[in-house]
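# Working through the structure, step by step
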Amino acid sequence: MPSHTEENYLKTIFKLAEAEPGMEVSTNRIAELLQTKPASVTDMLRRLGEKGLLNYQRYRGVSLTPEGRQLALLTIRKHRLWEVFLVQKLGFAWDEVHDVAEEMEHIQSPLLVRRLDAFLGFPRLDPHGDPIPAEDGGMNRPQLQVLADLAAGATASIVAVKNTAPVFLQHLSKLGLELGTPVTVLDCNAYDQSMLIRIGSSGIERMVSAEVSRNLCVTETY
Ligand SMILES: [Zn+2]
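As recorded in an unreviewed UniProt entry, the chain goes by the name Transcriptional regulator MntR, listed as coming from Hymenobacter koreensis. UniProt lists a comment for the chain under the heading Sequence similarities (unreviewed entry), and it reads "Belongs to the DtxR/MntR family." Under the heading Subcellular location (unreviewed entry), UniProt records this for the chain: "Cytoplasm".

Next comes the structure, spelled out in structure tokens:
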């Protein structure tokens, strides 16, 4: 049975590889994300390598083996299902669930996860719009546009967030931006890439920064 730390490593490596396809996952990036020293990362990578969960050679990148990838996806599956549970059944807000789910994702009971999945009605997406991997580890993440890609005049619906930090989610809530919110791009500023958008049918107009528009995934509506 993998330890919490091992699961967190596998998940982090998977996410780094997913975020930057084709790029090598470096020890330093892992250390940064897990807030630990590169030397401890090296030790853990060696251990996970011995267990056949990843390929690691010093001074080269790290990549997951199929077994390591499967374990990472199962941890992500549990994390995202618990997030759905917390929001839908316990009334948590979308900015309150991540840290709790970080703990719940380590519960080792396939039966619990299967029943949780069924209890929730087999959700496909978590409260941040991220896809929930299937039990066999299958997950397809559609290539999503971000708000920043759109031109003035475009209309779209918010479908996911790239950044799940509570401060970012709280900022979005303050702006009135949630998953499913329809938006219209009114103006794009060439100088700082900020955007003027209209939110839904309310007629409310807001300026959003480039940082916001780069982290909001949308599907264009015509
Ligand atoms: Zn989360």
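This part covers the packing of aromatic side chains. According to the stated counting rule, one finds 2 aromatic pairs in the structure shown. Between F85 and F119 the ring centres are 6.3 Å apart and the planes differ by 50°, which places this aromatic pair in the tilted class. Here F85, found in helix α4 (residues 66–90), pairs with F119, found in helix α6 (residues 110–119); they are 34 residues apart in sequence, far enough to count as distant. In this structure F119 comes out as exposed when scored by relative accessible area, which is 52%. Members of the aromatic cluster, each reached through a chain of ring pairs, are W82, F85 and F119. Residue placement shows K89 over the ring face of F119; its charged tip is 5.0 Å from the ring centre.

Residues M195, I197 and I199 of strand β6 (residues 195–199) are buried on one face, while the alternating residues L196 and R198, pointing to the opposite face, are not. From the end of strand β5 (residues 182–188) to the start of β6, which pair antiparallel, there are 6 residues, and Q193 there has a positive phi angle of about 60°. Examined bridge by bridge, β6 and strand β7 (residues 204–208) share 5 bridges and lie antiparallel to one another. Following the sheet pairing, I199 is matched in β7 by I204.

Parameters and conventions
Residues numbered from 1 in each chain as written. Predicted model: local features only at pLDDT ≥ 70, side-chain atom pairs only at ≥ 80, totals over all residues. Heavy atoms only, no water. UniProt positions renumbered as here; feature names shortened; annotations may be inferred. Phe/Tyr/Trp six-rings, centres within 6.5 Å; stacked < 30°, edge-to-face > 60°. Helix = DSSP H or I, 4+ residues; strand = E, 2+ residues; numbered from the N terminus. Buried < 20%, exposed > 50% of the residue type's maximum accessible area, 1.4 Å probe, protein only. Lys NZ or Arg CZ within 6 Å of the ring centre and 35° of its normal. Pairing = 2+ DSSP bridges.

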